[in-house]
Every structure is written in C-alpha cells, then in structure tokens.
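One letter stands for each residue in the lines below.
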Amino acid sequence: MSEYQKSPLMGQMMSKPLLISSIIEHADRFFGQNEIVSRRVEGDIHRYNYSECHQRAKKLANAFQQLGIKIGDRIGTLAWNGYRHLEAYYAVSGSGAVLHTINPRLHPEQIAYIVNHGEDQYLLFDITFLPIIKAIAEHCPLIKGFVMMCDRDRLPTDGSIPNLLCYEDLINANSDEFEWPLFDENSASSLCYTSGTTGHPKGALYSHRSTILHSLASAMPDGLNVSARDSVMPVVPMFHVNAWGLPYSAPLTGAKLVFPGPHMDGKSLYELFEQEKVTFSAGVPTIWLGLLTYVVQNNLTFSTFKRTVIGGSACPPAMMKTLRHTYGIEVVHAWGMTEMSPLGTAGTLQAKHMSMSEAEQEAVLVKQGHAIYGVDMKIVDDSGKELPWNGITYGNLLVKGPWIISSYFKHEGGDVLEDGWFPTGDVATIDADGYMQITDRSKDVIKSGGEWIGTIDLENVAMSHPDVLQAACIGVFHPKWDERPLLLVVKKPGVNIDKQELIAFYEGKIAKWWTPDDVVFIDALPLGATGKILKNKLRDQFKDYHLPTA
Ligand code: ADP
C-alpha cells in the first residue's frame, strides 16, 4: 500500500484486485458440478452445486442493488451453516457490501447492540431466529428490512415483524445476469464481533485482500489441507469468524461442501458424515465430545472421515488420542482468533518427525503448532522484551500478518497494536522448531505465590482420566498463595470417582505444586456463544469457595 517505498522498476504483471467474487466465479467455472449439501432448518436435505450457487448469488446481488445497497453498506446475517448463508456470503461481499455475520447465541440485547453499531441496513435470518428478530426489531431503527431465509409460505402473517421480506421472493424476482464489480481489494468485505466476555463486543473488519490471502494460506497442506477430492463439513459456525474461512477455501479448491444446519448433535452429525462421505471437518472440542460420545455409545466407526482440525480452545490430548488411535482420524490442532481471520497456527508434522516414536509425535501434535505462511509471532515478557524459543519459557503472545487486525471497527478501543504487533491476550511457549503451545489466556492464568500456573495442562490431565467427561480449572482465593487451582469436573454418566482419587491422578504428571487444591463435581460447565467454557462465570460462581487448608 501507499505507505511503502515505490521501486523505480515495478513488476509488469496484471494487477487484478483480490476479490471474494473471484472465488465463486472460479468454483462455478472449474468445479461447477461439485456439490453443496445442506441439512436445512426445515429438516430436509438440500443439494445443488457450485454453478447453481453462483447463479442464485448473482440473483441476490441484483436484489440488493434494487434495494439500494451500495459499496461499503452493511448487511447482517443471523443464520446457520447452509446454502442460503453461503449465497449471502458471495452476494453481499461480491457486490461490494459488507457481510456482517452475527452470533445468534448472544443475548438479544447484545445482538441489537451489534446490529446498531454495525449500522446494518438489512438483516437476513433463518426461521429458527424469528423470536430473536421479534425481540430486537423495535430496537434496531437503522434496519430497512428483515429478510427471512425461506419460501413465502413460511413467513409469519401476523404483522409482528416490520418490513419483512422473503428471501426466496428476492431470488425469484431477479435475473442471474450480474457482473461482479471490480474495486480496491482493501475494501471491507465482512464484519465479525468478538464475543465480548468483558465490555461491549468489538468488530473485526476483514477486507477482500485479507480474506483471499487467508483462504489461500489456510487451504495449504500444512494448514487445513483442503482439496477438490475432499468432502468438507464445516461444523464451526458461519456466524462466527466465517467458519474458519471454509466457505471461501472450500470453493476455492473445488471441495464438496456439507452443511449441518442447526443439527449439531452427535447423531445428526454422524449420519451426515456417513451419508455425504465427509473426509474433512473442523470444529471446537465440545462438538467432537458430543460426536465421540454418540459414536462410542453406539459402537460405530467412520467410513470416510479421515482428517479434522480442532481449535477454538485447547484440544485435550486424550481426545486427540481417541480420534487418532481408535478411529484413525488425523487431528490437526489449530489456533487463531476472530482478530486473525482466524487461522494463525496449525500443528502438523515435518519430514524429520516421521521417524519418531508415536509418543514423540504426539508431543509435537498436542501443541497448537507452527505459524502458517503470512503469520509471524513472538513471545514477550511484561516489559515487552522478546523471550527465547525453548519450549519452556512462556510469555505474552504477539502476532502480525496481512489477515491480522490493525484496529477494531470504528477504531473502538483505540490503537491496539504494540509496535506493529497485535497482542493476542494468550500466554504461550514457542519451541526451537517454532511450534507454539498455549499455556493459557492471560486472564485465566492462576497466580500462585507470585508464580503462574497454566490451567490448560491441569485440565488436560483431568480429561485423560477415563471417568472424566469435561474439566475446567480456575484460580480461587487462598490466604497464603493469593490463588490456588480449583478443579471443576463433569463426570461421565454412571461412574463413581471421588476427589482424592482424581487429585492422586496428578502425581508424576505435572509439577507437584501445580496440583489442584480441591475438586468439585458439577453437572455441566457453562458454555459461551462460541462453545467455550465461560471461566469468568465459574470464577464468579466459586469466588467465595473455601479451599481446604493443608
Ligand atoms: P471469542 O472468545 O471472542 O469467541 P475467538 O473465537 O476469537 O474469540 O477466540 C480466540 C481465543 O481462543 C484465542 O485467543 C485463544 O485463547 C483461544 N484458542 C483458540 N484456539 C485455541 C487452541 N487451539 N488452544 C487453546 N486456546 C485456543
């Protein structure tokens, strides 16, 4: 961009802007017959192909043009993973407007805040989210129309939603003759708000250029590894961080896409995996927990599923082991965040690792991995001094790259970069081979007697106990050490384990002083809008907890 020096001798290659519309054009032209299969909100299975998707996206783009949408305008979506949402991804961004994906699991008040802050002009929504629209409609004065993503016969007729439009009517009323406009590749393409566990959510505003570069880099073999031979099921939601970019990287490579819609329970996912011969999927650990429980209980195996990317929160090594050994599924542990489009690292092996023992390979694979090309990272101490890459020293993790945020939407929060680097809020180690391992989020680290205890390790040990379904570790007040670890555990159904046994299980697996002081068994862990354990809620709940004194 302009801030960089200009050479007297510029390259003589075409300078076609990197635009999102080019992905669907490519998919239509070269992989037009490849399928997109969706389990719809309506309950049935919908199937069509990239050519048909492109046609309908162009009809929708025409519809938006008729509604007066211009380049840079925002259009919100409250929708599951499905073909209509995919059409909106391309129709909105492709025509120069900004696709604002909204997480329906947030509180309606937060949703209204996000819609207003984003200044969305239209809001597309799946039938499921009608109650949310009813709750927020009167609080969203800038919205010119609510577009229900269904056929006309499903539309409510009670007049409860002002300016209600029918998605299929918009499609049917328009021609598929549409020339995708060309504009500056640095133009905004989509907007996603962070979950905002503290304060108001803030928007990460992606550009066409950042999205295309992220799609190219993340699709590579040592990233998500997506190809035209794959059948890809994004279980990660399209309403949060663009389903890790899969709605772009799959069409870019020609892979078949399979969308689970709202049905994310183990049984529905398993059926879709088998019926659609899914080879690759991506999701957060809690989703795989549900799927694995179903598969184990019913004594099933996978016939085509061979690779999965797990991220969003740490993948417990015990889960990785089960997927790899019992089901023969390659697990790629990945790390990233909304502010990073999201992919930053992926844990894949190199040639030199291939002769290692299984245990040695697993020790590499449980880490969050090496940076994918385009991302640089470093760890620093609290004074900003860079720390060594020895796999032991931990510090604040900072990143930079062309798909990493430079400031939040509307400059909320002011300047976020530190000397050109984005502080992730994560604490990590990096080893001599460049493999990064997250110790914790800095706000979750337990500070015991001036030293830090990372909670991920403690949770991973608990999760490797055969009777433990889920575990979370938090710091609670201790009169001598300031904070000590308290382990909260959800048992597997029908098992009988006591706290002494679980505490003894830590022996020899971690430094003795890291051992949790106490264990509390609970029925369920509170999950946030993106399927992560809400540690701030747990800390609140247990803030007056008295640890046993030794
Ligand atoms: P939100 O919490 O707003 O949903 P993101 O979905 O962007 O935000 O989450 C980003 C954070 O999730 C990271 O900063 C990190 O703390 C955590 N995270 C993501 N992937 C991993 C992983 N593989 N292991 C551990 N933590 C992870």
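These numbers come from a predicted model, not from an experiment.

Conventions adopted
Residues numbered from 1 in each chain as written. Predicted model: local features only at pLDDT ≥ 70, side-chain atom pairs only at ≥ 80, totals over all residues. Heavy atoms only, no water. Pairing = 2+ DSSP bridges. Helix = DSSP H or I, 4+ residues; strand = E, 2+ residues; numbered from the N terminus. Near = heavy atom within 4 Å. Polar contact = N/O pair within 3.5 Å; in protein donor to acceptor, adjacent residues only side chain to side chain. Areas by Shrake-Rupley, 256 points an atom, 1.4 Å probe, with all protein chains shown as cover. Nonpolar A, V, L, I, M, F, W, Y, C, P; charged D, E, K, R; others polar. Buried < 20%, exposed > 50% of the residue type's maximum accessible area, 1.4 Å probe, protein only. Arc of directions from axis to C-beta.

(A) Structural view of the sheet that holds strand S1 (residues 35-39). Read across the sheet, nine strands follow the order S2-S1-S11-S10-S12-S13-S14-S15-S16 without closing on themselves; strand pairing throughout is mixed. In this open sheet, the two strands that pair with only one neighbour each are strand S2 (45-49) and strand S16 (370-371). Taken together, the two bridges between strand S10 (residues 231-234) and strand S11 (residues 256-259) define a ladder with parallel strand orientation. By the bridge assignment for S11, Ser 231 is matched with Lys 256.

(B) Representation of the site of the ligand within the structure. The environment of the ligand is formed by 18 residues, the closest being Ala 334, Thr 338, Asp 426, Arg 441 and Lys 532. In this structure, His 333 approaches the ligand through a side-chain N or O atom, which is 3.1 Å from a nitrogen atom. Within the side chain of Asp 426, an N or O atom sits 2.6 Å from an oxygen atom of the ligand. With the chains in place, 92% of the 570 Å² that the ligand exposes on its own is no longer accessible. Among the residues making up the shell around the ligand, the classes are represented as four nonpolar, 11 polar and three charged.

(C) Region of the structure containing helix H1 (residues 21-31). Of the residues making up H1, those classed as buried are Ser 21, Ile 23, Ile 24 and Ala 27. Down the axis of H1, the buried side of the element spans an arc of 165°, and every buried residue falls inside it. Seen from the open side of H1, the exposed residues pointing more than 90 degrees away from its buried face are Arg 29 and Phe 30.

(D) Up close: unusual backbone geometry. Here Ser 341 and Pro 342 are connected by a cis peptide whose omega angle stands at 10°. Within the element layout of this structure, Pro 342 appears in the loop between strand S14 (330-336) and strand S15 (343-347). Non-glycine residue Asn 163 carries a positive phi angle of around 50°. Here Asn 163 is to be found in the loop between strand S6 (145-148) and strand S7 (164-166). Residue classification places Asn 163 among the partly exposed residues on the basis of a relative accessible area of 49%. Its identity as a non-glycine residue notwithstanding, Asn 299 has a phi of 55°, on the positive side.

(E) Expanded view of the pairing of strand S24 (residues 482-491). Of all 10 residues in S24, seven are buried; the element is thus mostly enclosed. One ladder, built from 10 bridges, connects strand S23 (residues 468-478) with S24; its direction is antiparallel. Opposite Cys 473, over in S24, you have Leu 487 as the bridge partner. Where S23 hands over to S24, the hairpin turn is made up of three residues, counted between the paired strands. Inspection of the sheet shows S24 paired to strand S25 (residues 518-521) by four bridges, in the parallel sense. Within S25, the residue paired with Leu 486 across the bridge is Asp 518.

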